[in-house]
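# Observations on the model geometry
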Amino acid sequence: MSASEGAPGVVVVGAGLSGVACARELRAAGVPVRVLDRGRKPGGRMASRRLWDRPVDLGASYLTTSDDDFLAVVEGWRERGLARPWTDTFCAIGDGDPVAKTGPLRWGAPGGLRSLVEDLAAGLEIERHDVADVDALDGAAVVLAMPDPQARRLVGDDHPLAARLDREFEPVLAMAATWAERSWDHVSPTGRFDGAFVNDHPVVAWVADDGRRRGDDAPVLVVHSTPDFAGRHLEDPAAAGPELVAALRSLMSLPEPDEVHVHRWTFARPVGERTATHALVDGPGGLVGACGDGWGASPKVETAWLSGRDLGRALVERLS
């Protein structure tokens, strides 16, 4: 990795929310930036897949706000119809009678959460590229906007950044299922089902009503598995579908779904705690930084945005 005449100031690897937020901060300060991603579209784990003639959120389930700057971004999305207030009440099931759980306001996106990342990425140069080695990238700085295990593969054990990439990630299987009609509001003690935390279950950890969070009331549920269950089925996630369906039907007294789709997230959720919002070190060829939802107090969508923003600001200061 080296700076050369005509080379971009910063190369951001990963077009999820944190990478895009970092790139926007750099571009706003006049720093040339390229974004590389191995996927066809930006979004990362805020992924939506088109199923049954509509986008279905298979990654992050929702977003919340506590930071004023991020709230301003979300309000901008709401004003343009890209984000919508969803609910502040889920329920807890799987251990005794269902219990209502009230918390912060959760936001969804009518076009799927990926659409929010795509909106932030407007105007950025994003290239489809599968990076294998950070040293092969040409720029004054490189940003790795991805889970720690993926970033470690790119820098190698001897890189100064490697010691900072010490957070492990749990796997999750996400299953979307559709029915001819909705038949699960009875599960919630409030009479309206939006989502449920599942307690002490060997297969299912979370269930979201995708129709309610999108606002079209489509009869679609999205199930997130437990990490242990996902770990046993990473090689063939589709084969786990029948067991996920059986568990969901038993938990919520549901009929057989019309169709299902199972998606594998090898690095879905960070384990443990970390207070730093990003990392930035002097590597052999230049600055190398890391950001993502694994950098911050809790693994939230807001955490990813703040991490990318903060790393972008740190790079602007160093490169100036």
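Residues numbered from 1 in each chain as written. Predicted model: local features only at pLDDT ≥ 70, side-chain atom pairs only at ≥ 80, totals over all residues. Heavy atoms only, no water.

The subject of this paragraph is the overall build of the protein chain. When you go through the protein chain residue by residue, the secondary structure sums to 8 helices and 15 strands. The C-alpha radius of gyration of the protein chain comes to 20 Å, within 12% of the 20 Å expected for a compact globule of 320 residues. Projected onto its principal axes, the C-alpha positions of the protein chain cover 65 × 40 × 35 Å. With 320 residues in all, the protein chain has 54% of them scored as buried. Entry remark: accessible area of the protein chain is about 13900 Å², with carbon and sulfur atoms responsible for 46%. Treating the 35 positive side-chain charges of the protein chain as one cloud and the 48 negative ones as another, the clouds have centres 3 Å apart. (Helix = DSSP H or I, 4+ residues; strand = E, 2+ residues; numbered from the N terminus. Rg over C-alpha atoms; globule rule 2.2 N^0.38 Å. Buried < 20%, exposed > 50% of the residue type's maximum accessible area, 1.4 Å probe, protein only. Areas by Shrake-Rupley, 256 points an atom, 1.4 Å probe, with all protein chains shown as cover. Lys, Arg positive; Asp, Glu negative; His and termini not counted. Charge placed at Lys NZ, Arg CZ, Asp CG, Glu CD.)

This brings us to the packing of aromatic side chains. With the rule as written, the count across this model stands at 10 aromatic pairs. A ring pair is formed by Y62 and F90, whose centres lie 5.6 Å apart and whose planes are at 40 degrees; its orientation type is tilted. Here F90 lies in strand β5 (residues 84–93) and Y62 lies in the loop between β4 (54–57) and α2 (68–79), a separation of 28 residues in the sequence. By relative accessible area, which is 2% here, F90 ends up buried. Look at W179 and W184: their rings are 5.2 Å apart centre to centre, the planes differ by 65 degrees, and that puts the pair in the edge-to-face class. Considered together, W179 and W184 belong to a single accessibility category, that of buried residues. Of the aromatic side chains, those joined through ring pairs into one cluster are Y62, W86, F90, F197 and W206. The ring of W295 carries the charged tip of R274 above its face, separated from the ring centre by 3.6 Å. (Phe/Tyr/Trp six-rings, centres within 6.5 Å; stacked < 30°, edge-to-face > 60°. Lys NZ or Arg CZ within 6 Å of the ring centre and 35° of its normal.)

Now for the sheet that holds strand β11 (residues 204–209). Spatial ordering of the open sheet is given by β6-β5-β10-β11-β12-β9-β13, a layout of 7 strands whose pairing is mixed. Looking at which strands have only one partner, the edges of the open sheet turn out to be β6 (99–108) and β13 (259–270). Here the average twist between neighbouring strands, direction ignored, is 20 degrees. (Pairing = 2+ DSSP bridges. Axes fitted to C-alpha atoms, helices over the stretch in contact; angles between N-to-C directions.)

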